[in-house]
Amino acid sequence: MSNGCSHCERDVDYMQDILTPLGYQISVLKTNKATHNKVLQELQGAVRTLSHDDILVFYYSGHGGLRYNAEGETEGDHQDETLVAYDRDIVDNELTKIWFSACKGA
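Residues numbered from 1 in each chain as written. Predicted model: local features only at pLDDT ≥ 70, side-chain atom pairs only at ≥ 80, totals over all residues. Heavy atoms only, no water.

Participant: For the overall build of the protein, give the residues involved together with the corresponding values.
Facilitator: Counting its secondary structure elements, the protein contains three helices and three strands. If you line up the protein on its principal axes, its C-alpha atoms span 45 × 40 × 20 Å. Per-residue burial over the protein gives 24% buried out of 106 residues. Pairs at least 24 residues apart make up 48% of the contacts formed inside the protein by residues separated by at least 6 positions. With an accessible surface of roughly 7400 Å², the protein has 51% of that area assigned to carbon and sulfur atoms. In the protein, which carries 9 positive and 17 negative side-chain charges, the distance between the mean positions of the two groups comes to 7 Å. (Helix = DSSP H or I, 4+ residues; strand = E, 2+ residues; numbered from the N terminus. Buried < 20%, exposed > 50% of the residue type's maximum accessible area, 1.4 Å probe, protein only. Contact = heavy atoms within 4.5 Å. Areas by Shrake-Rupley, 256 points an atom, 1.4 Å probe, with all protein chains shown as cover. Lys, Arg positive; Asp, Glu negative; His and termini not counted. Charge placed at Lys NZ, Arg CZ, Asp CG, Glu CD.)

Here you go:
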């Protein structure tokens, strides 16, 4: 494994082993491929393909965090929850926009 978290990467491999036989189309991003922009692009692309009753599994194995948000715009606690990507954090508000762009019933 190339400078990544070997346990996290192994977890991803295990999830792929579980989901593939169930018919899920799998996209895996690890270590330097799991950049902020690439993760969001992959998720946006996957959500665009969803139809009513489809299921999207987003599995993340890694660290999360909190980031101060002076505006406190959506949660009131002035904190954004984050996922740590290879190059910078993915903020919860970015993921929320993607989830809400899915078609109704997906």
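There's plenty left to go through after this.
Participant: Provide a residue-level description of unusual backbone geometry, including the pertinent values.
Facilitator: Even without being a glycine, T31 presents a positive backbone phi close to 45°. Structurally, T31 is set in the loop between α1 (6-19) and α2 (36-48). For T31, a relative accessible area of 16% puts it in the buried group. Non-glycine residue D53 carries a positive phi angle of around 75°. Its place among the elements puts D53 in the loop between α2 and β1 (64-68).

Participant: Lay out the packing of α2 against helix α3 (residues 92-100) with the relevant residues and their values.
Facilitator: The relative placement of two packed helices comes down to the angle between their axes together with the axis-to-axis distance. Relative orientation of the contacting elements α2 and α3 amounts to 15°, with a least axis distance of 9 Å. One way to sum up the angle between α2 and α3 is to call them roughly parallel. Where α2 crosses over α3, the handedness of that crossing is right-handed. Taken together, the residues of α3 that come into contact with α2 (itself represented by H36, L40, L43, Q44 and V47) are E94, L95, I98 and W99. For the contact of α2 with α3, the per-class residue count stands at six nonpolar, two polar and one charged. (Axes fitted to C-alpha atoms, helices over the stretch in contact; angles between N-to-C directions. Parallel < 35°, antiparallel > 145°, perpendicular 65-115°, else oblique. Left-handed = near helix turned anticlockwise from the far one by under 90°. Nonpolar A, V, L, I, M, F, W, Y, C, P; charged D, E, K, R; others polar.)

Participant: If you had to explain the side chain of D80 to someone new, which residues and values would you point to?
Facilitator: On the secondary structure map, D80 appears in strand β2 (residues 79-84). Only 3.2 Å separates the side chain of D80 from the side chain of N69, close enough to count as a polar contact. (Polar contact = N/O pair within 3.5 Å; in protein donor to acceptor, adjacent residues only side chain to side chain.)

Participant: Help me get a handle on the nonpolar core, residues and values and all.
Facilitator: With eleven residues, the main nonpolar core is built from A34, V39, L40, L43, V47, L50, L83, A85, I90, L95 and I98. Looking at this core, the elements that each hand over two or more residues are α2 and α3. Among the elements that take part in this core, α2 stands out by supplying four residues, more than any other. The contacts of V39, once residues within four sequence positions are left out, are L29, A34, F58 and I90. (Core = buried A, V, L, I, M, F, W, Y, C linked by side-chain atoms within 4.5 Å.)

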